[in-house]
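This is what each chain is made of:
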Amino acid sequence: MLSSQKSLISQDVVAPGLGAASRSERFLESARDLRRRSSLDVSTALKEAISRALQALCDTNETTHQLLPEAREPASLFYSREKQSFSLDWYINRLFKHADCSRSAFVVAMIYVLRLQNAKNDFYHPIEMNVHRLYSSCLVLAIKFLDEPVYDNMHYAMVGGIATLEEMNALEVELLRELDF
């Protein structure tokens, strides 16, 4: 076969009318685009799964939980005074957007919540009045266990909507105690 025929065949098979550099650039861009889309799909699926799981736990526990802990109880740190005005989906999206951590940390945080669900003390079971603080505190522990860099607790307090650094620190210490770390 003549060298001119080989050249024509290889150009037609790979991408007619494009030089080698253009073909490589298009391939790399396609690979990057695919990686971005699949990463977004996984994150979206994970956010939805966490929201649904937390909501299911809350729904289950709401029927059995009628009492709130007294103010002197350590578990009372996790309870808000009233139901949050925003949805659990919105809150989980906020954590994904601003926590700046791995997806693995979100999974481990969910495992910590499930450990609390199986705890003997019912006050640590997720319900509408405590699920936001419980999950964000569990996420902080998971981040500190798995990820680098780790930011200071003030960053996580702001992301999770916790009013003060002292409150975030108290939540973390209480959660460590309850999970027997």
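Since this is a predicted model, take the numbers as computed values, not measurements. (Residues numbered from 1 in each chain as written. Predicted model: local features only at pLDDT ≥ 70, side-chain atom pairs only at ≥ 80, totals over all residues. Heavy atoms only, no water.)

J.: Could you clarify how one ought to interpret the nonpolar core in this entry?
T.: The nonpolar side chains of a soluble globular protein tend to be buried, and buried together. Formed by 42 residues in total, the largest nonpolar core has its most connected members in Ile50, Leu54, Leu95, Phe106, Tyr135 and Leu139. Elements represented by at least two residues in this core include exactly helix H2 (20–64), helix H3 (88–98), helix H4 (103–117), helix H5 (131–146), helix H6 (153–160) and helix H7 (165–178). It is H5 that contributes the most residues to this core, nine residues altogether. If sequence neighbours within four positions are ignored, leucine 139 has contacts with Leu95, Ala99, Cys101, Ala105, Phe106 and Ala109. (Core = buried A, V, L, I, M, F, W, Y, C linked by side-chain atoms within 4.5 Å. Buried < 20%, exposed > 50% of the residue type's maximum accessible area, 1.4 Å probe, protein only. Helix = DSSP H or I, 4+ residues; strand = E, 2+ residues; numbered from the N terminus. Contact = heavy atoms within 4.5 Å.)

J.: How do you make sense of the confidence of the model for the protein chain when you look at a structure like this?
T.: As a note on interpretation, predicted positions should not be read in detail where pLDDT is low. Summarising the model, the protein chain shows a mean pLDDT of 84, and 79% of its residues fall at 70 or more. Taken element by element, the predicted model of the protein chain shows its lowest mean pLDDT in helix H1 (residues 3–14) (42) and its highest in H5 (97). Here residues 1–18 is a poorly scored stretch, pLDDT under 50, and it has seven contacts once near neighbours within four places are set aside; other chains count. (pLDDT = per-residue confidence, 0-100.)

J.: Just checking my understanding: could you explain the packing of aromatic side chains for this structure?
T.: Here the distance between the centres and the angle between the planes together describe a pair of aromatic rings. Scanning all chains against the criterion turns up six aromatic pairs. Seen from their ring centres, phenylalanine 96 and phenylalanine 106 are 3.8 Å apart, and the 15 degrees between their planes marks the pair as stacked. Note that phenylalanine 96 is positioned in helix H3 and phenylalanine 106 in helix H4, a separation of ten residues in sequence. By relative accessible area, phenylalanine 96 is classed as buried at 17%. Between tyrosine 112 and phenylalanine 181 the ring centres are 5.7 Å apart and the planes differ by 90 degrees, which places this aromatic pair in the edge-to-face class. (Phe/Tyr/Trp six-rings, centres within 6.5 Å; stacked < 30°, edge-to-face > 60°.)

J.: Would you mind showing me how to read the side chain of glutamate 172 here?
T.: Summarising the element assignment, glutamate 172 is placed in helix H7. Classification of glutamate 172 as buried rests on a relative accessible area of 12%.

J.: Would you explain the environment of tyrosine 91 in this entry?
T.: The residue tyrosine 91 is located in helix H3 in this model. A residue is classified by how much of its surface remains accessible, and tyrosine 91, at 2% relative accessible area, is buried. Separated by 68 residues in sequence, tyrosine 91 and valine 159 place their C-alpha atoms 9.6 Å apart. Not counting chain neighbours up to four residues away, the residues in contact with tyrosine 91 comprise Phe86, His132, Ser136 and Gly160. From its side chain, tyrosine 91 meets the backbone oxygen of histidine 132 in a polar contact 3.4 Å long. (Polar contact = N/O pair within 3.5 Å; in protein donor to acceptor, adjacent residues only side chain to side chain.)

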